[in-house]
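# Observations on the model geometry
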Amino acid sequence: MNLYGASGHAKVIISILELLEQKITNIFDDRAPFTLLGYPVKVFEKGDTDFFIISVGNNKKRKKLAKKLGAIHYTKAIHPSAIIDKRVIIDVGTVVMAGAIINVDTHIGKHSIINTAASIDHDCKIDDFAHISPNATLCGNVQVGEGSQIGAGAVVNPNITIGKWAIIGAGAVIINDVPDGVTVVGNPGRVL
Ligand SMILES: CC(C)(COP(=O)(O)OP(=O)(O)OC[C@H]1O[C@@H](n2cnc3c(N)ncnc32)[C@H](O)[C@@H]1OP(=O)(O)O)[C@@H](O)C(=O)NCCC(=O)NCCS
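Throughout, residues of each chain are indexed from 1 in the direction in which the sequence is written. In keeping with the model being predicted, local features are shown solely for residues with a pLDDT of at least 70 and side-chain atom pairs are shown and tallied solely at 80 or more, while totals for entire chains, interfaces and linings include all residues. The basis for the side-chain values is all heavy atoms of the structure; hydrogens and waters are excluded.

### So, the sheet that holds strand E22 (residues 173-174)
In this description, strands pair whenever DSSP reports at least two bridges between them. Secondary structure elements follow DSSP: runs of H or I of four or more residues count as helices, runs of E of two or more count as strands, with numbering from the N terminus. With parallel pairing, six strands are arranged side by side in an open sheet as E7-E10-E13-E16-E19-E22. A single partner strand is all that each edge strand has here, and the edge strands are strand E7 (83-84) and E22. In terms of strand pairing, E7 meets strand E10 (residues 101-102) through two bridges, oriented parallel. The residue of E10 that forms the bridge with Ile 84 is Ile 102.

Dropping the structure here:
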């Protein structure tokens, strides 16, 4: 398993991989050399690029890196304590942290982050490069566009559509659809 990105987010992924007893072959970061959790971190070199996860928390940077790395074989990291219905689809490059719950007929796109204890109910659709932060709650049939981040502890009501590259502030309560590219905070959510 190869990781690209060596910050706090990468530490959480390393801890999942260790729990799953998966060998961490390389950790790459443009700021290398240094060590992370005792693993050597080096500058990316082409070649050993199978089973890759882009372990960068920033959604835009993850997308940029995916474009730079091109067609390589991505994989996923899913914490064993996550509760995921058998009819959930999770695309490659995505990570699911401890205690997350993903309910029936939900689809999670590529290179996304379903963070610690996030709860995503039935029939949701999360597009690529999104981040559902710790303890956020998405009710049933919520759509989250590419690159959007749902902040820690935010609640999104049923049937809501969040546009692309939007940011929902920590603790917000979203009762109306959210357009592309805006930041929304508060209860009820208002555009900043
Ligand atoms: C919403 C957010 C992105 C705004 O950040 P920002 O653009 O730097 O905004 P500022 O801190 O300058 O705040 C702008 C205004 O919004 C308010 N605000 C910011 N975040 C807020 C929040 N979560 N809830 C309510 N109000 C908030 C500020 O009080 C300020 O109000 P004012 O203009 O009346 O003084 C950020 O505060 C946030 O909540 N990020 C999510 C963090 C998170 O969940 N991370 C998970 C990591 S795993």
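### Examining the domain arrangement of the protein chain
How far each domain reaches was decided by an automatic or database domain assignment. By domain assignment, the protein chain separates into domain 1 (2-69) and domain 2 (77-192). Measuring from the centre of the C-alpha atoms in domain 1 to the corresponding centre in domain 2 gives 23 Å. What makes two residues a contact is simply this: any of their non-hydrogen atoms within 4.5 Å. Taken together, the contact pairs 16 residues of domain 1 with 19 residues of domain 2. When domain 1 packs against domain 2, close to 1300 Å² is buried across both sides, 73% of that on carbon and sulfur atoms. Take a side-chain nitrogen of Lys or Arg and a carboxyl oxygen of Asp or Glu: if they are within 4 Å of each other, that pair is a salt bridge. Seen at the junction of domain 1 and domain 2, the total is one salt bridge. A salt bridge links Glu 146 to Lys 63, with the shortest nitrogen-to-oxygen separation between them at 2.8 Å. Mapped onto the side of domain 1 that touches domain 2, the elements with two or more residues apiece are helix H1 (8-19), strand E5 (52-54) and helix H2 (59-69). For the side of domain 1 that touches domain 2, the element with the highest residue contribution is H1, accounting for six residues. Polar here means any residue other than Ala, Val, Leu, Ile, Met, Phe, Trp, Tyr, Cys and Pro, which are nonpolar, and Asp, Glu, Lys and Arg, which are charged; Gly is therefore polar. Taken together, the residues of the side of domain 1 that touches domain 2 break down into 10 nonpolar, three polar and three charged. Summed over both partners, the accessible area (1.4 Å probe) lost when two parts come together is defined as the buried area.

### What about the sheet that holds strand E20 (residues 161-162)?
Pairing within the open sheet is parallel, and its five strands lie in the order E8-E11-E14-E17-E20. Looking along the sheet, the strands with just one partner apiece sit at the ends: strand E8 (89-90) and E20. Summarising the sheet, strand E14 (residues 125-126) and strand E17 (residues 143-144) pair through two bridges and their orientation is parallel. Across the sheet, Lys 125 pairs through a bridge with Gln 143, a residue of E17.

### Considerations on H2
In this scheme, a residue with accessible area under 20% of its type's maximum is buried, one over 50% is exposed, and one in between is partly exposed, where area comes from a 1.4 Å probe on protein chains only. Among all positions of H2, only Asn 59, Arg 62, Leu 65, Ala 66 and Leu 69 are buried. Take H2 and look down its axis: the buried residues cluster within an arc of 125 degrees, on one side only. Away from its buried face by more than 90 degrees, H2 exposes Lys 60, Lys 61, Lys 64 and Lys 67. On the buried face of H2, the contacting elements are strand E1 (2-4), E5, strand E12 (113-114), strand E15 (131-132) and strand E18 (149-150). Arc, as used here, means the arc of the directions from the helix axis to the C-beta atoms.

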